[in-house]
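What follows is each chain in one-letter form.
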Amino acid sequence: EHDQPTKVQLKAGQAYFQNAVASHAFENVGKKPMRMLLVELKQGVAPDQAPLDAAPDALKASPDVYRKVFEDQHVRVLYASWPAGKMDEMHSHPGLAGYYLTDVSAKLHEQFGHTEDITKKAGSVLFHESVKGHMFENTGDKPASMVLFEPKASAFGAASAGGGAPRATSGGAASGGASAPAVSA
């Protein structure tokens, strides 16, 4: 026997969190095509927090690049956008997963001088352990953007507890006229 479906209306750039359930299905009941990025938190992998002596948090260090789309006790979702040639300020991250919304040509500047060239296609994903300090430089000739998912320790308690009502935030379109896709974490 199935429970009654839960209807959720999402707009571009909006995030949605649902505690773990045995199964789920999505149906687009609208008249326009829908794209949604779904992130499932796996049990047994504790989130990796940034070290205490780390550089400032990305959102605080470069608010012109990073925008909080959603945050609750389980996850923080950031939208990041770099114009061509932009390098953000030295910052840190807890362990995270990311999704590239655009093709990216970049250089990662580590805290102690090491650099790494990065080339990614739109739709590529990344997983990164906590970062004590780095700067991201868009070396391409077009804007670069991505969505970052930073799980919190309580997300894994909720995942094992199951159930619970889904929650959505009022996100907005990203700056510059482009919109980030609906994001689910």
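Thresholds applied
Residues numbered from 1 in each chain as written. Predicted model: local features only at pLDDT ≥ 70, side-chain atom pairs only at ≥ 80, totals over all residues. Heavy atoms only, no water. Pairing = 2+ DSSP bridges. Helix = DSSP H or I, 4+ residues; strand = E, 2+ residues; numbered from the N terminus. Core = buried A, V, L, I, M, F, W, Y, C linked by side-chain atoms within 4.5 Å. Buried < 20%, exposed > 50% of the residue type's maximum accessible area, 1.4 Å probe, protein only. Contact = heavy atoms within 4.5 Å. Axes fitted to C-alpha atoms, helices over the stretch in contact; angles between N-to-C directions. pLDDT = per-residue confidence, 0-100. Phe/Tyr/Trp six-rings, centres within 6.5 Å; stacked < 30°, edge-to-face > 60°.

### Considerations on the pairing of strand β8 (residues 115–120)
By the bridge criterion, 6 bridges tie strand β7 (residues 104–110) to β8 in an arrangement that is antiparallel. Residue pairing in the sheet places Leu108 in a bridge with Glu116 of β8.

### Comments concerning the nonpolar core
Judged by nonpolar contacts, the single largest core of 17 residues is most densely connected at Tyr66, Trp82 and Phe136. Sorting the residues of this core by element identifies α1 (58–61), β4 (75–82), β6 (96–100), β7 and β11 (144–151) as the ones contributing at least two each. Setting aside anything within four residues of it in sequence, one finds Phe136 in contact with Trp82, Lys86, Met87, Asp88, His91, Val104, Ala106, Lys107, Leu108 and Ile118. Counting residues in each nonpolar core, the second largest holds 9 residues, with Leu37, Phe70, Val147 and Phe149 among its members.

### Notes on the sheet that holds strand β5 (residues 91–93)
If you trace the 4 strands from one edge of the open sheet to the other, you get β5-β10-β7-β8, paired in antiparallel fashion. Among the strands making up the open sheet, the edge pair consists of β5 and β8. When strand polarity is set aside, the average angle formed by the axes of neighbouring strands in this sheet is 40 degrees. In the sheet, β5 pairs with strand β10 (residues 131–138) via 2 bridges, with the strands oriented antiparallel. Note on β10: the bridge partner recorded for His91 is His134.

### Quick word on the confidence of the model for the protein
Per-residue confidence for the protein gives a mean pLDDT of 78, with 72% of residues at or over 70. Below pLDDT 50 for its whole length, residues 158–185 participates in 78 contacts with residues either more than four positions away or in separate chains.

### A word on the packing of aromatic side chains
This structure, assessed with the given rule, holds 2 aromatic pairs. Centre to centre, the rings of Tyr66 and Trp82 are 5.9 Å apart; their planes meet at 85 degrees, and the pair counts as edge-to-face. Of this pair, Tyr66 sits in strand β3 (residues 66–71) while Trp82 sits in strand β4, and the two are 16 residues apart along the sequence. Judged by relative accessible area, which is 3%, Tyr66 ranks as buried. Relative to Phe136, the ring of Trp82 lies with its centre 4.2 Å away and its plane at 35 degrees, an arrangement referred to as tilted.

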